Amino acid sequence: MTKKVSFHTLGCKLNFSETSTIAADFLARGFEKVKFGEPVDVVVINTCTVTSIADKKCRQAVKKAQKSSPDAFIAITGCYAQLKPQEIAEIPGVDIVLGMNEKFKLFEHIENFRKLKEPQIYSCEIDDVTRFDAAYSSNDRTRSFLKIQDGCDYVCTYCTIPKARGMSRNDAIEKTVEKAREIAEKGFKEIILTGVNIGDFGRSTGESFLDLIRALDKVEGIERYRISSIEPNLLTEEIIRFTADSQKFLPHFHIPLQSGSNKLLKLMKRRYNRELFAVKISKIKEIMPDAFIGIDVIVGFPGESDKDFADTYQFLENSDISFLHVFSYSIRPGTPAAEMNDKISPKIISERSQKLHQLSEQKHKEFYQKHLGTQRKVLFEASNSKGKMYGFTDNYIKVEIPFDKNLRNVTKLFELTEIAESHNLKGNVVIS
Ligand code: SF4
């Protein structure tokens, strides 16, 4: 009788690429993968711990799994599992908790997946986490998230990730390129480079991110690469120029700013000031005027005065950027920021968050409007969603057209003609 397994992933793209790799191991051993929430024999939950809500979601997921499959074997891994293994083991129904070093070793610890009398914890101190496990996602047919780096050596005062994922590390360029070739052989056209602090690639092998992207650029079969997120201080002019010259690396940047106030950047222990950040933005726009730039920003960090928020707002308003990822500050026990005074009230945090969301909408709309009437290359996705199909331009504009099976997983030159009700852009494939 074929055993059934389901997966539930919380958190970032890196977590999704890792769950996908764990799932591939189950499939290779003859398991059938079904949707989370359906009756199964085994459930794997890959957790996140970036906010307190993430922890709560893990507990909710265990409850949901138990409800649909009371006898299922429940395995928990991920950042929350590394940070608080005992707390998770005490959740009723959990059978095994795997820390960062054990995430990909479930089959080394368990043979028959029968529920255990006592939950088992396999984990070690974070300083002992030195291994790098490669991973990539294979959930959709068009793009794959390739994990190129793990961990972080930075000490941003609001962040728990270094305590959950350990020191910055990576595979050698040669092995990473091998993974990209594997992805190409599976028919994917686009790779998104993901990790924790990907600009720090090479830390554990004495190589560099620039050398890596130069090597990946040569992999046959992959048409496009996106750099998921890169620290401003690690986004060098060489990387920007390389992206501009490459046929494959796309004019799409995601850069964490966190605050437009130098006072707060210091309190956060970020490794740049707003002036350096502005230099990076203008360098990108000088070399690639049509580039999409997405920015991470935190509102409500302890000590954020009205003036500090106004500095952030003005800085973003005056910057040539395309979209904001707005995060409300969340107290993470064990971080220096958790001990800081001048906590901001939830009401003020929500007001500031709303203001930045509105600014983001405005910037996004302006970016889309600026490209009406232009032609861009679009990689169309495979799925038919209520008679429509979607794709993204090189500079990350989402387009929608009536479903056409001949365009599945195909790149075409596309003329952007109008804004759809959904705010995506519509247009026509340019017949050459
Ligand atoms: S760079 Fe800072 S915010 Fe990002 S993972 Fe490292 S410590 Fe956390």
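Keep in mind that what you see is a predicted model, and the values were worked out from it rather than measured.

A.B. asks: Give me the packing of aromatic side chains: which residues, what numbers.
C.D. replies: Here the structure, examined in full by the defined rule, presents 19 aromatic pairs. Note on Tyr272 and Phe277: the rings are 6.0 Å apart at their centroids and 45 degrees apart in plane angle, and the pair reads as tilted. With a centroid separation of 5.8 Å and an interplanar angle of 70 degrees, the aromatic rings of Phe380 and Phe414 are classed as edge-to-face. With Phe380 in strand E14 (residues 375-380) and Phe414 in strand E17 (residues 411-419), this residue pair connects regions lying 34 residues apart in the sequence. According to the relative accessible area criterion, Phe380 is buried, its value standing at 0%. Among the residues examined, Phe414 registers a relative accessible area of 0% and is labelled buried. An aromatic cluster is built from Phe7, Phe26, Phe31, Phe73, Phe107 and Phe113, whose rings are joined through pairwise contacts. A cation over an aromatic ring shows up here: Arg29 above the ring of Phe107, its NZ or CZ 4.0 Å from the ring centre.

A.B. asks: I'd like to hear about the site of the ligand, residue by residue, with values.
C.D. replies: As a matter of local geometry, the ligand sits amid Cys152, Tyr154, Cys156, Tyr158, Cys159, Ile161, Pro162, Val196, Glu231 and Arg270. Class assignment for the residues of the shell around the ligand results in eight nonpolar, no polar and two charged.

A.B. asks: Lay out the domain arrangement of the protein with the relevant residues and their values.
C.D. replies: Taken domain by domain, the protein consists of domain 1 (4-124), domain 2 (135-366) and domain 3 (375-429). Computed from C-alpha atoms alone, the centre-to-centre distance between domain 1 and domain 3 is 36 Å.

A.B. asks: Please give an account of the pattern of salt bridges that cites residues and values.
C.D. replies: Applying the stated criterion across every chain, the model contains 37 salt bridges. Taking the shortest distance from any N to any O, the salt bridge between Asp306 and Arg352 comes out at 2.8 Å. Here Asp306 is found in helix H12 (residues 306-317), whereas its partner Arg352 is found in helix H13 (residues 346-370), with 46 residues between them in sequence. For Asp306, a relative accessible area of 60% puts it in the exposed group. When its relative accessible area of 5% is taken as the criterion, Arg352 is described as buried. One salt-bridge network, in which partners are shared between bridges, spans Glu18, Lys103, Lys147, Asp150, Arg165 and Arg169.

Reading the values: rules and limits
- For every chain, the first residue of the written sequence is number 1, and numbering continues from 1 along that sequence.
- Per-residue local features are limited, in this predicted model, to residues with pLDDT of at least 70; the limit for side-chain atom pairs, both in listing and counting, is 80 or more; totals at the level of whole chains, interfaces and linings are taken over all residues.
- The basis for every side-chain value is the complete set of non-hydrogen atoms in the structure, without hydrogens or water.
- Between 30 and 60 degrees the pair is tilted, below 30 it is stacked and above 60 it is edge-to-face, where a pair is any two Phe, Tyr or Trp rings, Trp via its six-membered ring, whose centres lie within 6.5 Å.
- Only runs of H or I of at least four residues qualify as helices and only runs of E of at least two qualify as strands under DSSP, and these elements are numbered from the N terminus.
- The buried label applies to any residue whose accessible area, calculated with a 1.4 Å probe on protein chains only, is under 20% of its type's maximum; exposed applies above 50%, and partly exposed to all values in between.
- We call a charge positioned above a ring when the Lys NZ or Arg CZ atom is no farther than 6 Å from the ring centre and deviates by at most 35 degrees from the ring normal.
- Note on definitions. A residue lies near a molecule or strand when any single heavy atom of the residue is within 4 Å of it.
- Polar here means any residue other than Ala, Val, Leu, Ile, Met, Phe, Trp, Tyr, Cys and Pro, which are nonpolar, and Asp, Glu, Lys and Arg, which are charged; Gly is therefore polar.
- Domains are outlined according to an automatic or database domain assignment.
- The term salt bridge refers to a pairing of a side-chain nitrogen on Lys or Arg with a carboxyl oxygen on Asp or Glu at a separation within 4 Å.

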